[in-house]
Structures are given as structure tokens and as C-alpha cells.
Amino acid sequence: MKIVVIQGPNLNMLGVREQHIYGPMKLEEIHQQMKSFAEQNGLEVEFFQSNLEGEIVDKIQECMGDADGIIINPAAYSHTSIAIRDALSAVEVPAIEVHLSNIHAREDFRKKSLTAEVTAGVIAGMGPFGYHLAMIGIIQIMGEINAMKEAEEQQNA
Ligand code: DQA
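These figures come from a predicted structure and were not determined experimentally.

Draft legend 1. Main features of the site of the ligand. Near the ligand the following residues occur: R17, Y22, N73, A75, A76, H79, H99, L100, S101, I103, R106 and R110. Take H79: an N or O atom from its side chain is 2.7 Å from an oxygen atom of the ligand. Residue H99 places a side-chain N or O atom 2.8 Å away from an oxygen atom belonging to the ligand. When the free accessible area of the ligand is taken as 320 Å², the share hidden by the protein chains comes to 98%. Split by residue class, the shell around the ligand holds five nonpolar, four polar and three charged.

The structure is reproduced here in C-alpha cells:
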């Protein structure tokens, strides 16, 4: 099974950017930890980061037929992007949204996530550990979907 991890704008600056909010860990370190966890669980994982809305839309579209699950931190686009939301809806690949910070405890404009509304679940405020939790969550969801598909196939056989 394959998971695609999509990171939105300014997340390439983790470890440098506003450390009091986002912590000291760099994006590469977070991805390294996710890679180890994926390998231990026999999963393929691909990482993608972009500061551009259209590139994120393209990447989500590519997931259709290629990925079994998506973990996405759309960053600031969570609060503004109907295009990313529509792409997540369109591909019908289960997705979990992650925010390092607790967006509900910050400025009002961060409290609403347009993209979260079309994901299977949201993890916010757990720092880099949130990505680990998202991997556990997406493994569970992908397993449930596979079990349902197998049951349907058996019924139709
Ligand atoms: C963020 C929260 C967003 O509001 C912000 O624009 C980000 C990062 C987070 O991970 O906490 O860039 O998605």
C-alpha cells in the first residue's frame, strides 16, 4: 500500500520558521521518521512539498489510482483553498489532514479549514508527532477499505 505525504507552503522552512509555534524539527527529519515507520509497516511512502497551490492540486490528482492514502498539511491553504478542497474530494483517496499547531487555539482566520471538511480526519496541535498519528490513522482506514472491497468481491463471486 502506498501513502503520499503532501506538505503545503512554508513547511519547507520548518526548523527555522517561528520555532515557538512549529518547533525545531526540520521537514526532512519529520519525513525520515515517517519513512522508518512506513518501512517497519511494509508501506511505500512518497513525500511532496510545494509553496504553489496549483502544484498541490496536480499532486492530489496524481494520487488517483496511484496512492491508497494521503496525509496532507495544506498549511495556509487550509483556510483559503477551494481548489485543494475540490481536488481532495475529486480523487476519492482517503486523506488525513495534519497541523503541527493547534489551529483552534490561534487566530480566528486559522480556526476554519476548508480542506479538513473533505478529509477522513484531522490531527492538530501535536507537533511532528501528529504525522506519526496520521500514519497510524491512515493505515487503519486503508485496512478497513480493503476489507470492505474484499467482502464485496466475495459477495459478487
Ligand atoms: C499549519 C497551520 C496553518 O495555519 C499555517 O498557515 C501553517 C502551518 C500547522 O501545521 O500548524 O503554515 O498548517
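Draft legend 2. Representation of helix α4 (residues 82-91) in the model. Of all the residues in α4, the buried ones are I84, A87, L88 and V91. Each buried residue of α4 sits inside an arc of 100 degrees when the element is viewed along its axis, so together they form one side. Of the surrounding elements, those touching the buried residues of α4 are α3 (53-62), β3 (69-73) and β4 (95-99). With a side-chain oxygen lying 3.4 Å from the backbone nitrogen of A83, the N-terminal cap of α4 falls on S81. At the C-terminal side of α4, E92 shows a positive phi close to 55 degrees.

Draft legend 3. View of the sheet that holds β4. The strand order across the open sheet formed by five strands is β2-β1-β3-β4-β5, and the pairing between neighbours is parallel. The open sheet terminates on both sides in strands that have one partner only, identified here as β2 (44-49) and β5 (121-124). Sheet twist, expressed as the mean angle between neighbouring strand axes with direction ignored, is 15 degrees. Where β4 meets β5, four bridges bridge the pair, whose relative direction is parallel. Bridge assignment links E97 to a residue of β5, and that residue is V122.

Draft legend 4. Up close: the nonpolar core. I3, L14, M34, I71, L100, Y131 and M135 are the most contacted members of the largest nonpolar core, which totals 23 residues. Elements with a minimum of two residues in this core: β1 (2-7), α2 (27-40), β4 and α5 (129-156). If we ignore the near neighbours within four places in the chain, the residues touching I3 are L43, E44, V45, E46, G69, I71, M135, I138 and M142. With 17 residues, the next largest nonpolar core counts V57, I60, L88 and V93 among its residues.

Draft legend 5. Inspection of α3 at higher detail. For α3, every residue scored as buried is listed here: I56, V57, K59 and I60. When α3 is viewed along its axis, its buried side chains cluster within an angular range of 165 degrees and face the same direction. Its buried side turned inward, α3 meets β1, β2, β3 and α4.

Draft legend 6. Local environment of the pairing of β3. A large share of β3 lies buried, amounting to five of its five residues. By the alternation rule, side chains of β3 split into G69, I71 and N73 and I70 and I72, which are all buried. Here β1 runs beside β3; their pairing, made up of five bridges, is parallel. Bridging from a neighbouring strand, I6 pairs with I72 of β3. Of the pairings in the sheet, the one linking β3 to β4 comprises three bridges and is parallel in character. Its bridge partner being in β4, I71 is matched across the sheet by I96.

Draft legend 7. Highlighting the packing of α2 against α5. Two elements in contact, α2 and α5, have axes separated by 10 Å at closest approach and are oriented at 30 degrees. Judged on the interaxial angle alone, α5 and α2 are roughly parallel. The hand of the α2/α5 crossing is right-handed. Mapping the contact onto sequence places I30, M34, F37 and A38 in α2 and Y131, H132, M135, I136 and I139 in α5. Partitioned by chemical class, the residues of the contact of α2 with α5 number eight nonpolar, one polar and no charged.

Cut-offs applied
- Residues numbered from 1 in each chain as written.
- Predicted model: local features only at pLDDT ≥ 70, side-chain atom pairs only at ≥ 80, totals over all residues.
- Heavy atoms only, no water.
- Near = heavy atom within 4 Å.
- Polar contact = N/O pair within 3.5 Å; in protein donor to acceptor, adjacent residues only side chain to side chain.
- Areas by Shrake-Rupley, 256 points an atom, 1.4 Å probe, with all protein chains shown as cover.
- Nonpolar A, V, L, I, M, F, W, Y, C, P; charged D, E, K, R; others polar.
- Buried < 20%, exposed > 50% of the residue type's maximum accessible area, 1.4 Å probe, protein only.
- Helix = DSSP H or I, 4+ residues; strand = E, 2+ residues; numbered from the N terminus.
- Arc of directions from axis to C-beta.
- Contact = heavy atoms within 4.5 Å.
- Pairing = 2+ DSSP bridges.
- Axes fitted to C-alpha atoms, helices over the stretch in contact; angles between N-to-C directions.
- Core = buried A, V, L, I, M, F, W, Y, C linked by side-chain atoms within 4.5 Å.
- Parallel < 35°, antiparallel > 145°, perpendicular 65-115°, else oblique.
- Left-handed = near helix turned anticlockwise from the far one by under 90°.

As far as function goes, none of this settles anything; it's purely spatial.
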